[in-house]
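Chains, contacts and geometry: an overview
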Amino acid sequence: MTKDNTSTVKSASSPPAGTPVVLFFGTSLTAGYGLDPSQAFPALIEKKARDEGIPIKVVNAGLSGETTAGAVRRIDWVLRTPADLVVIEGGANDALRGLPPEAAKSNLERLISAVRSKQPKARIALIQMEAPPNYGRAYTQNFRSIYSEVARKENIPLLPFLLDGVAGIPRLNQADGIHPNLTGERIVADNLWRGLKPIVARLDRG
């Protein structure tokens with residue numbers, strides 16, 4: 001994902017008392033590169049939750065170009081924002097650079113450990129990511145498997161592949177062929193919301 005050397009934690013006005021905060025921590029795919037922040041999938045999910053009567057307050061902590069190693073260095077700063085649920089999207093840039101899947105796996109585990117240390121009451125969910133097919137079958141399979149392994153080891157939900165039904169389809173992506181356009185972003189939001197909805201419904205609203 002494109003590097004812009006800016007770290008952002010974006011949210012709108014303070015939510016009403018009792019509204020759970022969902023923090024999306026990830027790369028430019030989370031940030032909504034090339035789109036207005038209101039068109040990024042976290043904002044679209046916030047709208048879905050509100051429309052379905054289980055409102056949440058979304059915080060978008062996406063950073064363009066970040067690898068899982070960079071995410072580990074940034075996570076403590078991001079976790080200054082209290083959250084009820086932390087959704088981790090990481091590894092896309094590791095895969096684009098052909099970095100070792102085992103290193104990404106270790107970094108994802110470190111991210112989860114940081115959340116549990118800094119915000120022990122927060123729930124955690126992990127988003128499945130995939131490697132580009134041009135790296136070969138062995139690499140893509142190894143990369144894919146780290147997510148289920150981490151989710152199982154850490155006993156956290158594994159959400160669907162972020163770009164399922166979007167990746168590789170020109171009409172759903174921007175000119176770079178990597179980042180979804182608004183139509184693609186809506187599909188991404190639908191994909192994730194199916195997995196997130198039961199988690200969000202159980203968040204404390206007291």
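Here, every reference points to the structure presented above.
Scope of this entry: the structure provided in the associated data block. (Residues numbered from 1 in each chain as written. Predicted model: local features only at pLDDT ≥ 70, side-chain atom pairs only at ≥ 80, totals over all residues. Heavy atoms only, no water.)

A few words now on the sheet that holds strand S2 (residues 57-62). The sheet built from five strands is open, its strands ordered S2-S1-S3-S4-S5 with parallel pairing. Either end of the sheet is taken by a strand with one partner, and the two such strands are S2 and strand S5 (158-159). Bridge count between strand S3 (residues 85-88) and strand S4 (residues 123-127): four bridges; the pairing is parallel. When the sheet's bridge partners are listed, Val86 is paired in S4 with Ile124. Against the sheet, helix H2 (residues 41-51) engages strand S1 (21-26) and S2, with an angle of about 170° to S2. (Pairing = 2+ DSSP bridges. Helix = DSSP H or I, 4+ residues; strand = E, 2+ residues; numbered from the N terminus. Contact = heavy atoms within 4.5 Å. Axes fitted to C-alpha atoms, helices over the stretch in contact; angles between N-to-C directions.)

Per the counting criterion, the structure on display carries eight salt bridges. Here Lys47 and Asp51 are joined by a salt bridge, their closest N and O atoms 2.8 Å apart. With a gap of four residues between them, Lys47 and Asp51 both fall in helix H2, about one helical turn apart. Since its relative accessible area comes to 43%, Lys47 is described here as partly exposed. Note that Lys153 and Glu109 form a salt bridge whose closest N and O atoms lie 3.4 Å from each other. Taken together, the positions of Lys153 in helix H6 (residues 137-154) and Glu109 in helix H5 (residues 101-118) put the pair 44 residues apart, joining distant regions of the chain. (Salt bridge = Lys/Arg side-chain N within 4 Å of Asp/Glu carboxyl O. Buried < 20%, exposed > 50% of the residue type's maximum accessible area, 1.4 Å probe, protein only.)

This part is about the packing of H2 against helix H7 (residues 182-201). Geometrically, a packed helix pair is captured by the angle between its two axes and the distance between the axes. Packing of H2 against H7 brings their axes to within 9 Å, and their N-to-C directions diverge by 55°. With respect to H7, the element H2 is oriented oblique. Crossing handedness for the pair H2 and H7: right-handed. For the pair formed by H2 and H7, the contact residues are Phe41, Leu44, Ile45, Lys48 and Ala49 on the first element and Glu185, Arg186, Val188, Ala189, Asp190, Leu192, Trp193 and Leu196 on the second. Residues belonging to the contact of H2 with H7 are distributed by class as follows: nine nonpolar, no polar and four charged. (Parallel < 35°, antiparallel > 145°, perpendicular 65-115°, else oblique. Left-handed = near helix turned anticlockwise from the far one by under 90°. Nonpolar A, V, L, I, M, F, W, Y, C, P; charged D, E, K, R; others polar.)

This part covers the pairing of S3. Here S3 shows two buried faces, one formed by Leu85 and Val87 and the other by Val86 and Ile88. Where S1 meets S3, four bridges bridge the pair, whose relative direction is parallel. Each residue of the ladder has a partner; that of Phe25, found in S3, is Ile88.

A separate point is the pairing of S4. Taken across its five residues, S4 has four buried, putting it largely inside the fold. Of the pairings in the sheet, the one linking S4 to S5 comprises two bridges and is parallel in character. Paired with Ile127 across the bridge in S5 is Leu159. Once the chain exits S4 it traverses H6 before rejoining the sheet at S5, and the crossover so formed is right-handed. (Right-handed = clockwise from strand over helix to strand, strands pointing away.)

The subject of this paragraph is the packing of aromatic side chains. Enumeration according to the criterion identifies four aromatic pairs in this entry. Here the aromatic rings of Phe24 and Phe41 are separated by 5.7 Å at their centres, their planes lie at 85°, and the arrangement is edge-to-face. Taken together, the positions of Phe24 in strand S1 and Phe41 in helix H2 put the pair 17 residues apart, joining distant regions of the chain. Plain terms: the ring middles of Tyr135 and Tyr139 are 5.3 Å apart, the flat faces sit at 40° to each other, and that makes the pair tilted. Relative accessible area serves as the criterion here: at 33%, Tyr135 is assigned to the partly exposed category. Feature note: the residues Tyr135, Tyr139, Phe143 and Tyr147 constitute an aromatic cluster, connected by ring pairs. (Phe/Tyr/Trp six-rings, centres within 6.5 Å; stacked < 30°, edge-to-face > 60°.)

Before going further, it helps to spend a moment on helix H3 (residues 68-78). By the burial criterion, the buried members of H3 are Thr68, Gly70, Ala71, Val72, Arg74, Ile75 and Val78. Looking at the buried residues of H3, the elements they touch are S1, S2, helix H4 (92-96) and H5.

Once that is clear, we can look at the nonpolar core. In terms of nonpolar packing, the biggest core is built from 61 residues, with Ile45, Leu85, Leu162 and Leu196 touching the most fellow members. Among the elements that line this core, the one with the most residues is H7, at seven residues. Excluding anything up to four places from it in sequence, Ile45 contacts Phe24, Ile56, Ala189, Leu192, Trp193 and Leu196. (Core = buried A, V, L, I, M, F, W, Y, C linked by side-chain atoms within 4.5 Å.)

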